[in-house]
Amino acid sequence: MSAELANWAGNLRFRARRVHRPTTLDEVRAVVAGADHIRALGTRHSFSDIADTAADLVSLEDMPPVTTVDARNATVTVAGGVRYAGLARELHAAGFALPNMASLPHISVAGSCATGTHGSGVRNTILAGSVRSLELVTAGGELVTVRRDDPDFAGVPVNLGALGVVTSLTLGVEPAYEVSTTVYLDLPVRAGLDHFRELMSDAHSVCLFTDWGAPVFNQVWVMARTDDPQPKSPGREWFSASPATRDLHPVSTQPAAACTGQRGVPGPWHTRLPHFRPEFTPSSGEELQSEYAVPAGHAVAALEALGEIAGVIHPVLQICEVRTVAADEFWLSPAYGTDVVTIHFTWIPDADPVRRTIRAVEASLEPFRARPHWAKLTEMPPERIRELFPRLADFRALARRYDPGGKFRNDFTDRYLGPATRRGGHGDGGSR
Ligand SMILES: Cc1cc2nc3c(=O)[nH]c(=O)nc-3n(C[C@H](O)[C@H](O)[C@H](O)COP(=O)(O)OP(=O)(O)OC[C@H]3O[C@@H](n4cnc5c(N)ncnc54)[C@H](O)[C@@H]3O)c2cc1C
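Residues numbered from 1 in each chain as written. Predicted model: local features only at pLDDT ≥ 70, side-chain atom pairs only at ≥ 80, totals over all residues. Heavy atoms only, no water.

For the protein, an unreviewed UniProt entry supplies the name Xylitol oxidase and the organism Micromonospora tulbaghiae.

Below is the structure:
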């Protein structure tokens with residue numbers, strides 16, 4: 001099968017010699033068992049080369065999109081290829097909800113968990129925080145189940161695709177709820193930073209957007225649950241910012257029709273928590289992205305440091321988004337061991353100036369132990385990244401146990417985990 005395939009943003013052409021599209025679990029097992037080297041491919045929304053390989057890829061998109069709700073145990077089990085959009089539809093119809101979502105529902109559950117994908121909210125963990133158990137096909141084609149009470153569980157949900165092909169995940173769910181989104185305009189950065197903790201904690205999920213063209217957060221998205229004991233009143237001023245009177249897109253040149261409902265009108269959780277609607281192109285569509293998770297205690301200083309280089313950032317930026325994520329125990333999570341504030345950049349699609357600007361951003365964030373997003377672009381040296389994820393050596397040992405021959409390794413994992421013990425030549429010659 002031809003592998004003429006690029007990632008969603010088009011900044012990376014996959015080098016794979018074959019893309020397998022199994023339709024049954026037995027086929028997945030046979031494909032994995034028969035391959036020398038192989039990587040799972042989700043919906044291709046990563047900007048980094050995390051999914052890339054010169055060997056084989058396996059996509060689960062042609063597998064049945066099974067979504068099974070267990071109301072008694074408040075869980076849902078989804079097949080590895082299912083996207084959040086499909087999961088949310090089924091879950092809501094059964095009267096249940098996820099605690100949070102990323103900015104877009106177009107991405108696969110397995111790929112999102114593998115990369116530590118997150119939304120916002122001081123009490124919300126990364127999306128992988130919902131995982132109760134998962135099933136994966138390991139190097140020999142065996143089907144392995146890993147549950148929360150397994151000793152190594154904390155190493156498994158955020159796995160960079162390095163442990164095997166995840167064929168199903170069981171997630172904890174809660175009763176369905178409604179959310180209302182109010183977008184506030186032009187919050188001065190100083191006012192935002194002076195009240196940072198208070199305003200980021202003011203609703204279920206709060207997101208600040210700035211283009212760094214002026215010292216303002218151009219938009220603040222406040223997503224409040226309607227069952228919150230202190231519900232928001234959308235018509236009012238909020239920390240000196242005024243509510244928008246029309247729907248908006250975070251990137252001001254893009255159409256608001258692509259975005260989820262605003263102006264305080266309540267709606268089902270999955271039609272409000274993501275910024276973008278499943279039937280539209282999310283974000284701007286022509287872009288590069290990078291993102292950093294800064295320990296919450298450093299967030300104000302980190303944002304002030306970025307303010308110092310606003311003139312460097314602004315010319316190549318479409319939008320910057322600031323969110324919060326609650327601490328967890330997952331070894332490769334951006335929020336491992338600490339609450340974090342994530343600072344995201346949607347750049348213009350112009351690789352060289354963007355790369356230079358990423359270096360400037362990373363130099364500014366250096367004192368704050370900012371962890372880069374596994375799925376987005378970074379210029380940080382691998383040694384630095386290894387320091388920032390203190391359980392990375394444990395993950396490397398786990399990966400060697402699951403995959404002693406390095407079947408699931410690629411350039412990306414070699415770069416950050418170190419080469420496999422036994423190099424079988426996965427054909428990933430040079431790195432980026
Ligand atoms: C427009 C846009 C908006 C975004 N918004 C957010 C956001 O709000 N928050 C955030 O944190 N990130 C965000 N991201 C990043 C995105 O969440 C990640 O790229 C995520 O990995 C996407 O999942 P995917 O299915 O496309 O994964 P892919 O890019 O296809 O794969 C990523 C990794 O997951 C592995 N993988 C995929 N499927 C499996 C499987 N079945 N078994 C084992 N490993 C697997 C792959 O091997 C690879 O290593 C955004 C990206 C885009 C393009």
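The rest of the description comes next.
Taken as a whole and assessed by the stated rule, the structure comprises zero disulfides. You can see Cys113 has no disulfide; the closest cysteine sulfur is in Cys207, sitting 19 Å from it. Of all cysteine sulfurs in the structure, the one in Cys207 sits closest to Cys320, which takes part in no disulfide; the separation is 12 Å. Take Cys320: its relative accessible area is 0%, and that puts it in the buried class. (Disulfide = S-S within 2.5 Å. Buried < 20%, exposed > 50% of the residue type's maximum accessible area, 1.4 Å probe, protein only.)

This part covers the site of the ligand. Close to the ligand lie 36 residues; Ala40, Thr43, His45, Ser46 and Ser108 are nearest. Looking at the shell around the ligand element by element, the count peaks at four residues for helix H3 (residues 109-114). Here the residues of the shell around the ligand are counted per class, giving 16 nonpolar, 16 polar and four charged. Each of domain 1 (67-175) and domain 2 (179-381) contributes no fewer than three residues to the shell around the ligand. (Near = heavy atom within 4 Å. Helix = DSSP H or I, 4+ residues; strand = E, 2+ residues; numbered from the N terminus. Nonpolar A, V, L, I, M, F, W, Y, C, P; charged D, E, K, R; others polar. Domains from an automatic or database assignment.)

Here we come to the environment of Arg148. Here Arg148 shows up in the loop between strand E8 (143-147) and strand E9 (165-172). By relative accessible area, Arg148 is classed as partly exposed at 42%. Between the C-alpha atoms of Arg148 and Glu237, which are 89 residues apart in sequence, the distance is 44 Å. Ignoring sequence-local partners within four residues, the contact set of Arg148 consists of Gly129, Val131, Arg132 and Phe153. A polar contact is formed between the side chain of Arg148 and the backbone oxygen of Gly129, at a distance of 2.9 Å. A polar contact is formed between the side chain of Arg148 and the backbone oxygen of Val131, at a distance of 3.1 Å. (Contact = heavy atoms within 4.5 Å. Polar contact = N/O pair within 3.5 Å; in protein donor to acceptor, adjacent residues only side chain to side chain.)

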